[in-house]
Amino acid sequence: MNGRKHLLKPLAQCRSLLQRFKATRSLTNTKLLHARIIASGLLSTSGSAAQEVLSNLALTYALCGHVRHAAPLFDELPERSPSLCNALIRMYNLCDRHYEALHVFVRMLASGWCPPDNFTYTFVCKACSDLLLLDVGFAVHGKVFAAGFDSDAFVQNALLALYMNCGAMAAARKVFDEMHERTVVSWNTMISGYFKNAYSGEAVLLFKSMMNAGVEPDSATVVSVLPACGNLMELNLGKCVHDIVEEKGLGNENIAVSNALLDMYAKCGRMDAAQAVINEMDKRDVVTWSAMINGYLLNGDVRKALDNCRLMQFHGVKPNPVTVSSLLSACGSSFMLKIGRCFHGWSVRQKLESDVRIETALIDMYAKCKRVDLSFHVLARALQKKTAPWNAILSGCVHNGLAKEAIQAFKQMLIKEVEPNLATVNSLLPAYAILADLQQAMNIHGYVARSGLVRNVEIITGFIDIYAKCGRLESAHELFNDIPRNEKDIVVWSVIIAGYGMHGHGEAAVLLFKEMVHSGVNPNVVTFTSVLHACSHAGLVEEGLDLFNFMLHNNRVRPHFDHYTCMVDLLGRAGRLQEAYGLIRTMPFKPNHAVWGALLGACVIHENVELGEIAAKWLFELEPENTGNYVLLAKIYSALGRWKDAEDIRHMMKKIGLRKAPAHSLV
C-alpha cells in the first residue's frame, strides 16, 4: 500500500509534464523526462501506472513527430487508445511514411484495440491521397459509411481531397453534392482540385456558386481560384477577386495571395497591373520574381524578363531551377546563345547544373540555337538515368533536321537503360517521318506497340504521318480508322488529309475534309493549308475555290499567306492567271515572296510575260538575292524569243553579284 502511495506523486508529475510537452511539442524535454523515468524505475513496475506512462510517452513522441521512439513504445503497449493510434498515423503521414500509417490502421481493424473514430479516417484518407491509392480510398470510404462517419465534416473534406488528388472528380463531386454542411474548406478543396486536374472552367464556376451561396472566402480560396482565372484569361473575374482581397484584407502580409494576384495579371497579359501588385509588396520571395519573369516571357518581352532576373538578385533573392529553366527556354526561343551560356555558367557556379530541369533546359536552349554539339556535351554530363534530358536531345536533333542522330541517340538511351515515356516517343517519331524509311518505321512501330504506348492518339497520329510520308497510305488509313470517332481530333484529321494530298490524291483529301466537318470537328489553319495544297497538286480548281470560299465566309479561320499561295498556285497551274492575279490584289495584307513566287512559276508554265514581269518586280524587291527569280523571268523571255531581255536579266544578276547555282547529277 505504501509503495502504491509512493508512486502516485511521481506519476502525477509525469502526467502533468507530459501534458505540457504535448502541448508545446517539446521533443528535447520529452527525451529528458523519458531518461528520468527510466532511471527512477517507474517503468519497471507492473500494472496500469507504468502502462499509462508508456502510453503518454508514446503519444508525446508521436505528436513531436519522433518515429524512432514513438513506434517501439507503441508496440510495447498491450492496449492502445484511439488518440494514440491517431497520433501515430498522423506522425507517419507528416514524415511521408504513408504505408506505415495505413499499416497502423489495418492493425487497428484486425486487432480490435479500439474502433477508428472520425479523426482516424481523416488521417487515413490523407495517407491514401498522398499515395494516390484510389482503390484503397474507395475501401476506406466504405468503412466510413459502415462506421457512420459519412456526415462528419472532417471526414467528408478528407474524402474530397483524396478523390481530387487521385483525379476522381466525379466521386469528389458526389461527396460534395451530398454534404449537408459545406465549410469554406470544402469549397476550397473542390476549387483547388478542379484547377489541379486542369478543369479551370469548373473551378471558376464553383467559385461563383460559392459566392452566390454566401460563403465567406478566405486566403486559401483566393489562392485556389486566381490560377484558374489566369489560365482562362478571365481578367474581369480576376479583378473581382482582387477587390475581395482588398475589401477583406486577405492580402495583408500574405505573400501567397499577392503572388497569386501577380501571376493572374501576368497570364492575362496585364503586366502593368502585375507590376502594380509587386510594387505594393513589402516582401518578395522567389515565387514573386519567378511569376514576374514568366509573365514577361509569356508576353514575349524577353528583355524585361532578364531585367527582372537582375533585379531579383539585386534584392538578395536567388533564382531557383524553375526560374533559370524558364529563362533558358526564352534564350533558346529568341536565339540568345550568348546570354544562355551566361546562365549555364551561373548554374555551374551555383552548383545547380545537375538539376534535371536545368539540364533539360540547357539541352533545349543549345539545340534551338543550332548548337546541338553543346546539347550533347550537356547530356554527357547529365544524370544519365533521367528521361527528360534524353527527350530534349531527341527533340533538338529533330528540330535541326538531324533525323539519323535522333534515332542513334534513342538507341543509346535504351542501351543505358533509361526508361522511355510518352514524350520520348512523341519527340522521336518526327525523325522517322523525315527519313521516310519504311523498314525503320515498321521497326519502331513494333517497339512502341510492345511498350503499350501505341494506344495513345498522339502516338497513332505520329505513325499515320510516318506511313503517309513513306507512301504507305493504306497503312496510314488503317491506323486512322482504328481511332474511335469521338477521339479523332483536328491534328489527326490534318495529318491524314495532308498525307493524301502530298501523293496527289486530291479527291480523297477533299472527301476526308468534308467527313471531318460533318463529324463536328472544326478545321484550323493547318487543315485548310493541307486540303488546298491537295487541290493544287491534283488540279481540282473548283473544289479548291469552294473550300477557299468556305474558309472566307463560313469558318472562323482567317486566310494566311499559305492559303493564298495555294490558291494562286492552283489557279496558275490551271492557266487562270488573271484570276490568280486578281486574288492577289484582293489580299487583306501585303503579299509575300511565296505568293508572288507561285504566280511567277505559273507564268513560266504558260509563258505569260506581262504578269511574269509584275511578279518578278515584286520578288526582286522582296528577296533581291534569290537567283531563282531572275532565272525564271529570263526563261519566260527566252521562251518567247526575247533574247535581249533575257540577256539583260543575266547582266542585272552579274551587276549585283549573283550567280546561278550550278546543277548536279546523282548519276
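What you see is a predicted model; the values in this text were computed from it and never measured.

Undergrad: Explain unusual backbone geometry to me, please; I cannot follow it from the model alone.
TA: Peptide bonds are mostly trans, and most non-glycine residues show a negative phi. If you check the backbone angles, Phe-335 has positive phi at about 60° while not being a glycine. The residue Phe-335 is located in the loop between helix H19 (321-333) and helix H20 (337-349) in this model. Phe-335 gets classed as exposed once you look at its relative accessible area, which sits at 59%. Located in the positive-phi region is Lys-370, a residue other than glycine, with phi close to 65°. One can find Lys-370 in the loop between helix H21 (356-368) and helix H22 (372-381). You can call Lys-370 exposed: its relative accessible area is 59%.

Undergrad: Please clarify how the pattern of salt bridges should be interpreted in this entry.
TA: Pairs can form between side chains of opposite charge whenever their charged atoms are close. In this structure the tally under the stated criterion is 20 salt bridges. Put simply, Asp-130 and Lys-126 hold a salt bridge, and the shortest N to O gap is 3.2 Å. Of this pair, Asp-130 and Lys-126 are both found in helix H7 (residues 118-131), four residues apart, which corresponds to roughly one turn of the helix. The exposure class assigned to Lys-126 is partly exposed, which follows from its relative accessible area of 41%. Residues Asp-263 and Lys-267 are paired through a salt bridge, measuring 3.1 Å at the closest nitrogen-oxygen approach. Of the two residues, Asp-263 and Lys-267 are both situated in helix H15 (residues 255-267); the distance of four residues between them amounts to about one turn of the helix. The class for Lys-267 is partly exposed, based on a relative accessible area of 27%. Connected through salt bridges with shared partners, the residues Glu-542, Arg-576 and Glu-579 form a single ionic network.

Undergrad: What's the story with the packing of helix H12 (residues 200-212) against helix H14 (residues 235-248) in this structure? I'm lost.
TA: Helices that pack against each other are described as a pair by the angle of their axes relative to one another and the distance between those axes. It is the contact of H12 with H14, at a shortest axis distance of 12 Å, that shows an interaxial angle of 40°. Classified by the angle between their axes, H12 and H14 sit oblique to one another. Along this stretch, H12 crosses H14, giving a crossing that reads as left-handed. Along the contact surface, H12 presents Val-204, Phe-207, Lys-208 and Met-211, while H14 presents Leu-237, Val-241 and Ile-244. Here the residues of the contact of H12 with H14 are counted per class, giving six nonpolar, no polar and one charged.

Undergrad: Just checking my understanding: could you explain the confidence of the model for the chain for this structure?
TA: Note: predicted coordinates in regions of low pLDDT should not be interpreted at a detailed level. Confidence along the chain averages 88 in pLDDT terms, with 93% of residues attaining 70 or more. A low-confidence stretch, residues 1-8 stays under pLDDT 50, and its non-local contacts, those more than four residues away or across chains, total two contacts. Between residues 663-667, whose pLDDT stays under 50, and residues either more than four places distant or in other chains, the model counts zero contacts.

Undergrad: Help me understand helix H10 (residues 169-177) in this model?
TA: Given 3.6 residues per helical turn, the α-helix brings residues three or four places apart onto the same face. Of all the residues in H10, the buried ones are Met-169, Ala-171, Ala-172, Val-175 and Phe-176. When H10 is viewed along its axis, its buried side chains cluster within an angular range of 160° and face the same direction. Residues Ala-170 and Lys-174 are exposed on H10 and point more than 90 degrees away from its buried face. Where H10 is buried, its residues meet helix H8 (134-147), helix H9 (153-165), helix H11 (184-196) and H12.

Undergrad: Explain the nonpolar core here, please?
TA: In globular proteins that are soluble, nonpolar side chains generally tend to be buried together. If you look at the biggest cluster of nonpolar residues, it comprises 206 residues, and the most contacted ones within it are Phe-463, Ile-464 and Leu-599. Setting aside residues no more than four positions away along its own chain, Leu-599 makes contact with Val-568, Leu-577, Ala-580, Tyr-581, Ile-584, Leu-611 and Ala-615.

Undergrad: What's the story with H22 in this structure? I'm lost.
TA: Turning to H22, its buried residues number three or more, namely Val-372, Leu-374, Ser-375, Val-378 and Leu-379. Seen along its axis, H22 keeps its buried residues to an arc of 155°; they face one direction. Exposed residues on H22 whose side chains face more than 90 degrees from its buried face are Ala-380 and Arg-381. Next to the buried residues of H22 lie H20, H21 and helix H23 (387-399).

How each quantity is defined
Residues numbered from 1 in each chain as written. Predicted model: local features only at pLDDT ≥ 70, side-chain atom pairs only at ≥ 80, totals over all residues. Heavy atoms only, no water. Helix = DSSP H or I, 4+ residues; strand = E, 2+ residues; numbered from the N terminus. Buried < 20%, exposed > 50% of the residue type's maximum accessible area, 1.4 Å probe, protein only. Salt bridge = Lys/Arg side-chain N within 4 Å of Asp/Glu carboxyl O. Axes fitted to C-alpha atoms, helices over the stretch in contact; angles between N-to-C directions. Parallel < 35°, antiparallel > 145°, perpendicular 65-115°, else oblique. Left-handed = near helix turned anticlockwise from the far one by under 90°. Contact = heavy atoms within 4.5 Å. Nonpolar A, V, L, I, M, F, W, Y, C, P; charged D, E, K, R; others polar. pLDDT = per-residue confidence, 0-100. Arc of directions from axis to C-beta. Core = buried A, V, L, I, M, F, W, Y, C linked by side-chain atoms within 4.5 Å.

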